[in-house]
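Summary of structural features
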Amino acid sequence: MEFDYAALLSLRKTHPAWKFLMADHSPLIASFLHKVFIVPNQRSISRPDLASALEDYLYALREIEGENAFPRRAEAYLDDWTGEEKGWLRKFYPQGVDEVHYDLMPSVEKALRWLEGLVQHSFIGAESRLMTIFELLRQMVEGTEENADVRIRELEKRKAAIEQELERVRSGRMDVLDGTALKDRFLQVHKTARELLSDFREVEYNFRNLDQKVREQIALWEGGKGDLLEDFFGKRDVIAESDQGKSFNAFWDLLMSPARQEELSDLLLKVFELSAIKDLSPDMRLKRIHYDWLAAGEHTQRTVAKLSGQLRRYLDDQAYLENKRIMQVIKRIESRAVRVKEDLPGNDFMEIDEASPRISLPMERPLYSIPVKPVIEETVHLGDGSEVPSDLLHAAVFVDRLKLKSIIRNALQTRDQVTLSEILETHPLEKGLAELVAYLSLAGDDHKAQFDDSRTHRAAWTDECGVTREAEFSAVIFSR
């Protein structure tokens, strides 16, 4: 965007964030919204809860500013903040809920983040940001290098540097970060972690804009249904394959790795134990920031899934209306046919031998083939040389899915996530492959469960013949 006078004047009049900062009661609005949405990472709040929180906040301010301060009721303020002229809160009805909910708009969150930057900080670090710039530039240069020899030379340099550092450590010479360097890096981590949470809200907002544009296009579409569907799914693919979509999916896949989550938890606990970090009086919520990321990311994923489902129902409604119009036309034709039944046109104005021509192609008749009768032997020979009686092929195996669900729920009572491999360690398979398939089916039906195709696990059991069997499957992660 070019920052000339006309552009900035238009932005001042139309952008919600600028109007938010210019509002008469902007300190009230900013402090309240920051308290109820940003601090607890709240994605949506019902109208009664939000109005009650605002009423309590206004009561506390009137005790300080006087009884005449902020004379309006909390509901009136909320309606004003969600109006078309301001648009600082999004007012909506969640699916399956008949109660109004509110969510913070991304533009307001940007304004609140800018206000946070205005607060005077006791320490401003620069080294960590410069190191981040160098690291990102190095990744871009090395990641686009197609010459294998150049890459090998760079890797050899890094290998030599690591070996030199190992020698220094073995000799007792270790470089340790001082308190200033630790504070510098910690503040950079804190800032980046909080910015990630606001990015989730903006990604969700972008998907909602796409959903609205597609609905408007469907409402005004005059072409064929096939062209409409092709255009619609093309746009969905463009969003999924866009830079933002790819970056979000890569971030989500990395975050959903249990190993990464465990590593991040350990690193945060160790960092918060450092004396230099304790001197900063850090926000303890940062210890669980990755769980806030999971909650915000899951909310975004569910929103996208709900939008897709709503669009499918919207297309079904359009198809229903088209079919209804066709039935109305057919009904009018039938009504007219009944009215002219007793007064048919004379002189045989039209004749037709048959409704359709007869087509008979002799080569379409198939040749006779003798049916093959299957022969089931008493013993079935397997590839590993073992033998299984054929009666076992007819033996029904019943797997109690309710029992398996209970096992999964019990495992999630003490932790947020658990893999299927960990469950099978404490509850080995009793029904063999059928029980394993039932576990995988439960994971497929659970919207909170995740399949990690990058990792594989093994399950072993002993069949009725005493033979040990094994099966390999993609890693399955159940979440609370």
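Attention here is on the structure that accompanies the text. All chains use their own residue numbering, which begins from 1 and follows the written sequence. Selection of residues for local features in this predicted model requires a pLDDT of at least 70, selection of side-chain atom pairs for listing and counting requires 80 or more, and totals for whole chains, interfaces and linings are taken over all residues. Side-chain measures here rest on the full set of heavy atoms in the structure, leaving out hydrogens and waters.

Let us look at the pattern of salt bridges. The salt bridge definition used is simple: a Lys or Arg side-chain nitrogen within 4 Å of an Asp or Glu carboxyl oxygen. Overall, the coordinates contain 15 salt bridges when judged by the stated rule. Across the salt bridge formed by Asp445 and Arg401, the nearest N and O atoms sit 3.4 Å from each other. Placement of the pair is Asp445 in helix α17 (residues 433–445) and Arg401 in helix α15 (residues 401–412), with a sequence separation of 44 residues. Glu430 is the salt-bridge partner of Lys403, the closest N and O atoms lying 3.6 Å from each other. One end of the pair, Lys403, is in helix α15; the other, Glu430, is in the loop between α16 (420–426) and α17, and 27 residues separate them in sequence. Each of Arg47, Asp79 and Lys91 takes part in a single network of salt bridges with overlapping partners. Runs of H or I in DSSP of at least four residues are treated as helices and runs of E of at least two as strands, each being numbered from the N terminus.

By convention a nonpolar core is built from buried Ala, Val, Leu, Ile, Met, Phe, Trp, Tyr and Cys residues, the set being connected through side-chain atoms within 4.5 Å. Burial classes: relative accessible area under 20% of the type maximum marks a residue as buried, over 50% as exposed, and values in between as partly exposed (1.4 Å probe, protein chains only). Counting 33 residues, the largest nonpolar core has Phe20, Leu33, Leu50, Trp81 and Leu89 as the members making the most contacts within it. Those elements that place two or more of their residues in this core are α2 (16–22), α3 (26–38), α4 (47–65), α5 (74–81), β3 (101–104) and α6 (106–118). The element best represented in this core is α3, accounting for 8 residues. With residues near it in sequence (within four places) discarded, Leu89 still touches Leu33, Phe37, Leu50, Leu78, Trp81, Thr82, Tyr102, Asp103, Leu104 and Met105. Formed by 23 residues, the second largest nonpolar core is a distinct cluster that contains Leu412, Val418, Leu429 and Ala449. Every residue pair with non-hydrogen atoms within 4.5 Å of one another is taken to be in contact.

Looking now at α17. Compared with the 18 Å implied by 1.5 Å per residue over 13 residues, the 19 Å span of α17 between its first and last C-alpha is a close match. Residues of α17 that are buried include every one of Glu435, Leu436, Ala438, Tyr439, Leu442 and Ala443, and no others. Taken down its axis, α17 places every buried residue within 155 degrees of arc, on the same side. Summarising the geometry of α17, the exposed residues directed more than 90 degrees from the buried face are Gly444 and Asp445. Every helix has an expected span of 1.5 Å times one less than the residues it contains. The directions from the helix axis to the C-beta atoms are what the arc is built from.

Okay, the packing of α15 against α17 next. Only the stretch in contact is used when fitting a helix axis, every axis being a line fitted to C-alpha atoms; angles between N-to-C directions are given from 0 to 180 degrees. Following both chains from N to C, one finds α15 and α17 inclined at 65 degrees, their axes separated by 10 Å at the closest point. Relative to α17, the element α15 lies roughly perpendicular. The interaxial crossing formed by α15 with α17 has right-handed handedness. On the side of α15, the interface is formed by Arg401, Leu404, Lys405, Ile407 and Ile408, while α17 contributes Glu435, Ala438, Tyr439, Ser441, Leu442 and Asp445. In this scheme, roughly parallel covers angles under 35 degrees and roughly antiparallel covers those over 145, while 65 to 115 is roughly perpendicular and the rest are oblique. By convention, the crossing between two helices is left-handed when the near helix turns anticlockwise from the far helix through less than a right angle, and right-handed when the turn is clockwise.

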